[in-house]
Structure formats: structure tokens, C-alpha cells
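As a plain string of letters, each chain reads:
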Amino acid sequence: NGSVEGIIDPKTDKDWYICQINESGSRTLSVTLDELGSASIWIYGPGDRSRERLTALNGGGENPEIIDSFPAGSYFIKVGPRDEDSIGSYSIEVK
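Quick caveat, the model's predicted, so the values are computed rather than measured.

What counts, and at which threshold
Residues numbered from 1 in each chain as written. Predicted model: local features only at pLDDT ≥ 70, side-chain atom pairs only at ≥ 80, totals over all residues. Heavy atoms only, no water. Helix = DSSP H or I, 4+ residues; strand = E, 2+ residues; numbered from the N terminus. Buried < 20%, exposed > 50% of the residue type's maximum accessible area, 1.4 Å probe, protein only. Contact = heavy atoms within 4.5 Å. Core = buried A, V, L, I, M, F, W, Y, C linked by side-chain atoms within 4.5 Å. Phe/Tyr/Trp six-rings, centres within 6.5 Å; stacked < 30°, edge-to-face > 60°.

What follows is about the overall build of the protein chain. Broken down by element type, the protein chain carries 0 helices and 8 strands. Reading the protein chain from its N terminus to its C terminus gives the helix and strand order β-β-β-β-β-β-β-β. With 95 residues in all, the protein chain has 44% of them scored as buried. When contacts within the protein chain are restricted to residue pairs at least 6 apart in sequence, those whose partners lie at least 24 apart make up 76%.

Below is the structure:
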């Protein structure tokens, strides 16, 4: 469980995070885009296999989330701009 804030700037920026899940079970990964116009978020699970991809759009005030069962292990989360005009701040929370 935890949260992190980041900034995409310049528009070619990609941010990487590591999330350790100690016990298998249901988790929620939510994204708040703040100033970032749109973003693409990838989750890479144990074994470096792409588990799931979430594309987040900042429109209508919706903050996308993934609710899924995750096996124990280390996960890598990558955040990048969805389009060339997307720069700004965002936050990610895993609970």
C-alpha cells in the first residue's frame, strides 16, 4: 500500500516505479492525473511479463483504476504521456 506523485516533463519523459506485493490478493491501482492531460500506464508483473495496461484519460473528472487479483512479487509500473501535448503532474496509489 502506498502512493507516489510524479511529473511528466518533457513530453518524452517516462517514470518507473517498483511495487512489492507481499501477499497475493485483490489490489486497487488508482491514477489521479492532476495537471497531466492524459497518460499511459503499464504494469509489468513478476517475470517481466506485461500483465495489464491501463490508459488513463483526464476528461470528465474520472480517475481510472485497476482492481484485480495480484500474485505476490515485484511489479514495475511505467507512466508516460499518452499524446505529445501531455506534460504535468499525476499521482498513483496502490491499496
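Time to look at the nonpolar core. Judged by nonpolar contacts, the single largest core of 19 residues is most densely connected at L29, I77, V79, Y90 and I92. Within the residue set of this core, elements represented by two or more residues are β2 (15-21), β3 (25-32), β4 (38-44), β6 (65-70), β7 (73-81) and β8 (88-94). Residue contacts for I77: discarding those within four places in its chain leaves D15, W16, Y17, C19, L29, I41, W42, I92 and V94.

Below, the discussion takes up the packing of aromatic side chains. Throughout the structure, instances matching the rule amount to 2 aromatic pairs. With a centroid separation of 5.6 Å and an interplanar angle of 25 degrees, the aromatic rings of W16 and Y44 are classed as stacked. In this pair, W16 sits in strand β2 while Y44 sits in strand β4, placing the two residues 28 residues apart along the sequence. Take W16: its relative accessible area is 49%, and that puts it in the partly exposed class.

Within the secondary structure, V79 is located in strand β7. For the pair V79 and D15, spaced 64 residues apart in sequence, the C-alpha separation works out to 5.1 Å. Excluding residues that lie within four positions of it along the chain, V79 makes contacts with I8, D13, K14, D15, Y17, A39, S40, I41, Y90 and I92.

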